[in-house]
Amino acid sequence: MKDTFKHKGLRKQLVATLIAKGIKNPAVLDAIDSIPRHLFMDSSFLDHAYQDKAFPIAASQTISQPYTVAFQSELLEVKSGDKILEIGTGSGYQTAVLCLLGAQVYSIERQLELFKKTSQFLPKIGYVAKRLIFGDGYKGLKEEAPFDSIIVTAGAPFVPKPLLSQLKIGGRLVIPVGDKDQIMTLYIRKGTKEFEKHELGNFKFVPLLENKN
Ligand code: SAH
């Protein structure tokens, strides 16, 4: 598990690519610059770790494209100490970005294999989430609600109601909505029943699956 000068150099290039694509938040760019993405990937894809692409991980899932991770992270407007719920832990890369941004991260994964692997791996390389949970993200995490923000890292066919109701007033839900392709959607909770909705472009995610634990 090495992080070499070569890896660091490749990360600088990746950060330059993300800036060229419109990512501006310095803390998000710093996180991408410092997290060794290659350690989150299967050995067969190591050479590609710093391309701005999604790659396969275990259980037919993917590690999200760095641009997508940066875009979603920026939309969350993370402040140090924010309580954030992530749906779809996967490789843990997005979780690590949120930890570095100073958030208290709760992250849910429905694939047991990935849940186990990432639960062991993340603390080993120094990223400590508040809680990693094996379960169904459609339900959110009622016992820890409300959250400053919620991020969904799989394509949701619809917006699960519990996620909206588990936001603080002023809280933000970032969720890709759609079947084949998704529209990145930001909801800001303005009041008990009022939500502001913003649609922010097309993305492609693996599906958010229901009730298959
Ligand atoms: N954030 C991850 C992205 C992984 S891909 C990363 O950076 O690597 C999306 C993940 O969502 C997959 O691991 C998939 O198993 C998980 N997922 C799909 N449906 C889910 C559900 N209902 N609840 C929780 N996790 C889910």
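Here we summarise the structure given alongside this text.

Parameters and conventions
- Residues numbered from 1 in each chain as written.
- Predicted model: local features only at pLDDT ≥ 70, side-chain atom pairs only at ≥ 80, totals over all residues.
- Heavy atoms only, no water.
- Phe/Tyr/Trp six-rings, centres within 6.5 Å; stacked < 30°, edge-to-face > 60°.
- Helix = DSSP H or I, 4+ residues; strand = E, 2+ residues; numbered from the N terminus.
- Buried < 20%, exposed > 50% of the residue type's maximum accessible area, 1.4 Å probe, protein only.
- 1 Å grid on protein atoms, 1.4 Å probe; cavity = no way out; pocket = protein on both sides within 12 Å on 5 of 7 lines; lining within 4 Å.
- Points joined across faces, edges and corners; volume = space filled by probe spheres on them.
- Nonpolar A, V, L, I, M, F, W, Y, C, P; charged D, E, K, R; others polar.

Our focus in this paragraph is the packing of aromatic side chains. Scanning the model with the defined rule gives eight aromatic pairs in all. A ring pair is formed by Tyr67 and Phe203, whose centres lie 6.3 Å apart and whose planes are at 10°; its orientation type is stacked. Within this pair, whereas Tyr67 is found in helix 3 (residues 66–76), its partner Phe203 is found in strand 9 (residues 195–203), the two being separated by 136 residues in sequence. Looking at Phe203, the relative accessible area reads 12%, which means it is buried. Centre to centre, the rings of Tyr138 and Phe158 are 5.6 Å apart; their planes meet at 40°, and the pair counts as tilted. Of this pair, Tyr138 sits in the loop between strand 5 (131–134) and strand 6 (147–152) while Phe158 sits in the loop between strand 6 and helix 6 (161–165), and the two are 20 residues apart along the sequence.

Looking now at the layout of surface pockets. Counted as a void, the largest pocket has a volume near 530 Å³. Lining the largest pocket we find 37 residues, and of these Thr62, Gly88, Thr153, Ala154 and Val206 sit closest to its centre. Counting residues per element, the lining of the largest pocket draws most heavily on helix 3, which supplies three residues. Here the residues of the lining of the largest pocket are counted per class, giving 17 nonpolar, 15 polar and five charged. Of the voids in this model, the second largest pocket is the one considered here, and its volume is about 240 Å³.

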